Amino acid sequence: MFNTQSAILWNDIHLYIAFLAEEPFVEAKLTERDSLIFLENDLEVFIDGGDCYYELEVNAANTIYEVFFIWKDAYVKGSKFDTPLFDVHQEGAYTFGGNYDRSGPTFWKGTHPRGIRWAFTNYDLPGLQTAVRVDGTLNNNGDIDKGWSLEIAIPWSSLSILSNGRSIPPSHGDVWTMFLGRFQKLVASGIEVEPHPAMALTSHGVNDTHLPDKWSRIEFEE
């Protein structure tokens, strides 16, 4: 597969994440925010918050897709999630059981031991900034591109709900669990391979990114 590199930096104000993705034919047709970016080539970040987690996907057109997930067993009356922001009656709130093996006994709850999550698809992370640079020509397969890069800036203040008791910004030695990865369409003999092959900082071996216990442990050092 194509070379993919990632880096994480931080200061007292922001968490910074960057990707460099080799790709000979850079494509991105989805331009409406919160389109299903995973249907195209994309770069992805998930951040675990214990009883919740955040998903961000970006394509080479800098189109953003965000979802905030809360485990159903943690969504109880009077909890920190019992707020108008996470009202399950709002448009765009769905139940979600994961991507892997939802047949037979696992159809409703999926295969993860915690089962169902609430998925808030209208969620926008406050202060999120993303920037994309294409080293080539977007959506033009008449030439060979070098690839594209993505830079992400997230205010620590926006991650307080994901801090799970950790200090904001992190203290020296704090560990956060994150997924950094890439999904890339692959065409073999004229047929698109499904599911799209994935490259990740930490491989978890199944077609389901929604496994926080399998993500990378990121330790912050001064």
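Above: the structure in question.
Bear in mind that the values here come from a model prediction, so they are computed numbers and not experimental data. (Residues numbered from 1 in each chain as written. Predicted model: local features only at pLDDT ≥ 70, side-chain atom pairs only at ≥ 80, totals over all residues. Heavy atoms only, no water.)

Let's talk about the overall build of the protein chain
Regarding its fold elements, the protein chain presents zero helices and 14 strands. Overall, the protein chain shows an N-to-C arrangement of helices and strands of β-β-β-β-β-β-β-β-β-β-β-β-β-β. Taken over C-alpha atoms, the radius of gyration comes to 18 Å for the protein chain, in line with the 17 Å a tight globule of 222 residues would show. Its C-alpha atoms put the protein chain at 55 × 50 × 30 Å along the principal axes. Split into buried and exposed, the 222 residues of the protein chain put 44% on the buried side. (Helix = DSSP H or I, 4+ residues; strand = E, 2+ residues; numbered from the N terminus. Rg over C-alpha atoms; globule rule 2.2 N^0.38 Å. Buried < 20%, exposed > 50% of the residue type's maximum accessible area, 1.4 Å probe, protein only.)

Some words on the environment of Val134
Here Val134 lies in strand E8 (residues 129-135). In sequence terms Val134 and Gly147 are 13 residues apart; their C-alpha atoms lie 6.2 Å from each other. In contact with Val134, other than residues within four places in its own chain, are Val26, Ala60, Gly147 and Trp148. (Contact = heavy atoms within 4.5 Å.)

Considering the packing of aromatic side chains
According to the stated counting rule, one finds 19 aromatic pairs in the structure shown. Relative to Phe220, the ring of Trp10 has its centre 5.3 Å away and its plane inclined at 85°; by these criteria the two rings are edge-to-face. A residue pair is termed long-range when its members are at least 10 positions apart, and Trp10 in strand E1 (residues 4-10) and Phe220 in the segment after strand E14 (216-219) qualify at 210 residues. For Trp10, a relative accessible area of 23% puts it in the partly exposed group. With 6.3 Å between their ring centres and 35° between their planes, Phe46 and Tyr53 make a pair best called tilted. (Phe/Tyr/Trp six-rings, centres within 6.5 Å; stacked < 30°, edge-to-face > 60°.)

Concerning the layout of surface pockets
Taken as a whole, the second largest pocket spans an internal volume of roughly 240 Å³. Phe2, Glu23, Asn41, Gln184 and Lys185 are, among the 12 residues lining the second largest pocket, the residues nearest its centre. When grouped by side-chain class, the residues that make up the lining of the second largest pocket number six nonpolar, three polar and three charged. (1 Å grid on protein atoms, 1.4 Å probe; cavity = no way out; pocket = protein on both sides within 12 Å on 5 of 7 lines; lining within 4 Å. Points joined across faces, edges and corners; volume = space filled by probe spheres on them. Nonpolar A, V, L, I, M, F, W, Y, C, P; charged D, E, K, R; others polar.)

Brief notes about the nonpolar core
Grouped together as the largest cluster of nonpolar side chains are 39 residues, with contacts concentrated most on Leu15, Ile47, Tyr54, Phe68, Ile152, Leu159 and Leu162. Elements with a minimum of two residues in this core: strand E2 (14-22), strand E3 (42-48), strand E4 (52-58), strand E5 (64-71), strand E7 (117-120), strand E9 (147-155) and strand E10 (175-183). Apart from residues lying up to four places away in sequence, Ile152 is in contact with Leu15, Tyr16, Ile17, Phe19, Val45, Leu56, Leu128, Gln129 and Thr130. (Core = buried A, V, L, I, M, F, W, Y, C linked by side-chain atoms within 4.5 Å.)

Quick notes on the pattern of salt bridges
Applying the stated criterion to the full structure yields five salt bridges. Between Arg182 and Glu23 there is a salt bridge, with the nearest N and O atoms lying 3.6 Å from each other. Residue Arg182 is located in strand E10, and its partner Glu23 is located in the loop between E2 and E3; the two are separated by 159 residues in the primary sequence. Judged by its relative accessible area of 2%, Glu23 is buried. Bridged by salt links that share partners, the residues Arg33, Glu66 and Asp124 form one connected network. (Salt bridge = Lys/Arg side-chain N within 4 Å of Asp/Glu carboxyl O.)

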